[in-house]
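Survey of secondary and tertiary structure
Given next are the chains, with one letter for each unit.
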Amino acid sequence: MICLGIESTAHTFGIGIVDEKGKVLANVKDAYTTESGGIIPTEASDHHVNVCDVVLRNALEKAKISLADVDLITYSQSPGIGHTLRIGAFVARSLASQLRKPIVGVNHAIAHLEIGRLRTNAKDPILLYASGANTQVIAYHNKKYRVFGESLDIGVGNFLDSFARHIGLGFPGGPKIYELSLQSKKFIELPYVVKGMDVSFGGLLTHTKRKFDSGECSKEDLSFSIQETVFAMLVEVSERALAHTRKNELVLGGGVACNIRLREMCEKMCDDRGAQCYCPENEFLVDNGAMIAWLGVLKYQNQGGEKISDCVIKPYERTDDVEVTWYKD
Ligand code: AMP
Ligand code: MG
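What this report covers is the structure whose coordinates are included nearby. Computed from a predicted model, the values in this text were never measured in an experiment.

The rules we used
The written sequence of each chain sets the order in which its residues are numbered from 1. Each chain takes a letter, starting from A, and each ligand takes a number, starting from 1, following the order in which they are written. A pLDDT threshold of at least 70 governs which residues receive local features in this predicted model, and a stricter bar of 80 or more applies before side-chain atom pairs are shown or counted, although totals over entire chains, interfaces and linings include all residues. By convention in this description, side-chain values take in all heavy atoms of the structure and omit both hydrogens and water. Any nitrogen, oxygen or sulfur atom within 2.8 Å of a metal ion counts as a donor, with the limit raised to 3.2 Å for Na, K and Ca, and since water is left out, coordination shells can look unfinished. Counting from the N terminus, the helices are DSSP H or I runs at least four residues long and the strands are E runs at least two residues long. Each residue is placed in one exposure class: buried if its accessible area under a 1.4 Å probe, protein chains only, is under 20% of its type's maximum, exposed if it is over 50%, and partly exposed if it falls in between. Whenever a carboxyl oxygen of Asp or Glu lies within 4 Å of a side-chain nitrogen of Lys or Arg, that contact is scored as a salt bridge. Two aromatic rings from Phe, Tyr or Trp, using only the six-membered ring of Trp, form a pair when their centres are within 6.5 Å; if the ring planes differ by under 30 degrees the pair is stacked, by over 60 it is edge-to-face, and anything between is tilted. Being near a molecule or strand, for a residue, means having at least one of its heavy atoms within 4 Å of it. In protein, a polar contact means a hydrogen-donor-capable atom and an acceptor-capable atom, both N or O and within 3.5 Å, with residues adjacent in sequence counting only if both atoms are side-chain atoms; elsewhere, any N or O pair within 3.5 Å suffices. Per-residue accessibility takes into account occlusion by the displayed protein chains alone, with areas from the Shrake-Rupley method and a 1.4 Å probe. In this classification, Asp, Glu, Lys and Arg are treated as charged, Ala, Val, Leu, Ile, Met, Phe, Trp, Tyr, Cys and Pro as nonpolar, and every other residue, Gly included, as polar. In what follows, residue pairs with any heavy atoms lying within 4.5 Å of each other are defined as contacts. Note: two strands are recorded as paired if DSSP finds a minimum of 2 bridges between them. An axis is simply a line fitted to the C-alpha atoms; with a helix, the fit covers only the stretch in contact. Between two such axes, the angle follows the N-to-C directions and lies from 0 to 180 degrees.

Our focus in this paragraph is the coordination of the magnesium ion (ligand 2). For the magnesium ion (ligand 2), the full set of protein donor atoms is H108 (NE2), H112 (NE2), Y129 (OH) and D287 (OD), and the range of their distances to it is 2.2 to 2.7 Å. Positions of the donor residues of the magnesium ion (ligand 2), expressed as sequence spacing, correspond to H-x3-H-x16-Y-x157-D. Of this pair, H112 sits in helix α3 (residues 108-119) while Y129 sits in strand β6 (residues 126-130), placing them 17 residues apart in sequence. The buried category is assigned to H112, whose relative accessible area is 1%.

So this is what it looks like as structure tokens:
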């Protein structure tokens, strides 16, 4: 079976093609970027409309197949920006009806977890999902992926991007903050906000912006200290989720997991408690079509296809709203 998956929850329009064993035949994407400021939903959806046919053609070429070889169409149905989700769903519905092939919609956060399990040896992990808009610690329990902890306000990537924008760096800011952090070893004490199993970045953002504006701290020292602080918050909550669930595998997902310092800190924590830390390749950490295609395969094999008229978008669906039928306990 060959499955074509479409990702369009935010800035990225991606198409992945995988087979039923999880072999990735293609994973092509085109991301909307801005010179300054964040994502403007209407501009991002225009971007997706403009690139969707080229991305599709490139993915088919890469996979060395034609549309007629595709057996299943899947798309990211949730959660995300309504404007951009709608483009992916529209392309998916058009392909499914034109090709007369089954279609299923899938949850983007769960796709990050499943591609992590596919690309690593992790069997029953905790996922630290650290991306632009989302920050969650997720694990399977009793037919659902449960959220054990999450950000109470913005995602960790948005936090890094907002601070980076404030100090004059462009988008995406995460990699630029990492580069700056390498030029400092001076740790500045910053608010460390863990509330139970949840984290929060809003107050920290205001605080660090003020520290920068007052001229008290250099951007290198702040970049270093920001990383040490927010990553420690994420590691603390992930460790507590491991202890609570008695699981012994941590999988990283989301674009912020491209950060080498975050990986080092997660690996150290896992080493210290005898757990394994897994991180898929960068192309599967950021938003991508292959993870959507793979989750589509899993869902379809257990639940079958969906009516085209039911293939709507669910911008606000939560990870723990989804019943998980494919997981072998
Ligand atoms: P996603 O939403 O999962 O596609 O991830 C995008 C986010 O990942 C953006 O907020 C980026 O700033 C962030 N990001 C990408 N690479 C890095 C990195 N090396 N360090 C920190 N953040 C990163
Ligand atoms: Mg994502």
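Attention now goes to the pattern of salt bridges. Applying the stated criterion across every chain yields a total of 15 salt bridges. Between R240 and E236 there is a salt bridge, and its shortest N-O distance comes to 2.3 Å. Residue R240 and its partner E236 are both found in helix α7 (residues 219-245); the two are separated by 4 residues, about one turn of the helix. Between E317 and K314 there is a salt bridge, with the nearest N and O atoms lying 3.9 Å from each other. In this structure, a network of salt bridges that share partners links the residues E150, R318 and D320.

The final tally for this structure, using the stated rule, is 4 aromatic pairs. Residues Y140 and Y145 carry aromatic rings whose centres are separated by 5.8 Å and whose planes lie at 75 degrees to one another, so their mutual orientation is edge-to-face. Of the two residues, Y140 and Y145, both sit in the buried class. For the ring pair Y145 and Y327, a centre distance of 5.8 Å and an interplane angle of 80 degrees mean the geometry is edge-to-face. Within this pair, whereas Y145 is found in strand β8 (residues 144-150), its partner Y327 is found in the segment after α10 (289-303), the two being separated by 182 residues in sequence. Residue Y327 is classed as buried on the basis of its relative accessible area, which comes to 7%. Through successive ring pairs, a cluster of aromatic residues spans Y140, Y145 and Y327.

Turning our attention to the site of ligand 1. Of all residues adjacent to ligand 1, which total 16 residues, the nearest are S131, G132, D161, G174 and G255. Measuring from an oxygen atom of ligand 1, one finds a backbone N or O atom of G132 at 3.0 Å. A distance of 3.4 Å separates an oxygen atom of ligand 1 from a polar backbone atom of V256. Relative to its unbound accessible surface of 500 Å², ligand 1 loses 90% to contact with the protein. Elements with a minimum of two residues in the shell around ligand 1: α4 (156-166) and α5 (174-181). Here the shell around ligand 1 takes 3 residues from α4, the largest share from any one element. Counted by class, the shell around ligand 1 contains 5 nonpolar, 9 polar and 2 charged residues.

Looking at the element boundaries, D320 is found in the segment after α10. Its relative accessible area of 23% is what places D320 among the partly exposed residues. Spatially, the C-alpha atom of D320 lies 29 Å from that of A26, the residues being 294 residues apart in sequence. When residues no more than four places from it in sequence are discounted, the contact partners of D320 are K144, Y145, R146 and V147.

Judged by pairing direction, the sheet is mixed, and its 5 strands sit side by side in the order β3-β2-β1-β4-β5 without closing on themselves. Edge strands, defined here as strands with exactly one partner in the open sheet, are β3 (24-31) and β5 (103-107). Direction aside, the axes of adjacent strands within the sheet are offset by 20 degrees on average. As judged from the 6 bridges shared by strand β1 (residues 2-7) and strand β2 (residues 12-19), these two strands associate in the antiparallel manner. Looking at the pairing, G5 lines up with G16 of β2. Strands β1, β2, β4 (72-78) and β5 of the sheet are contacted by helix α2 (residues 82-99), whose axis makes an angle of about 160 degrees with β4.

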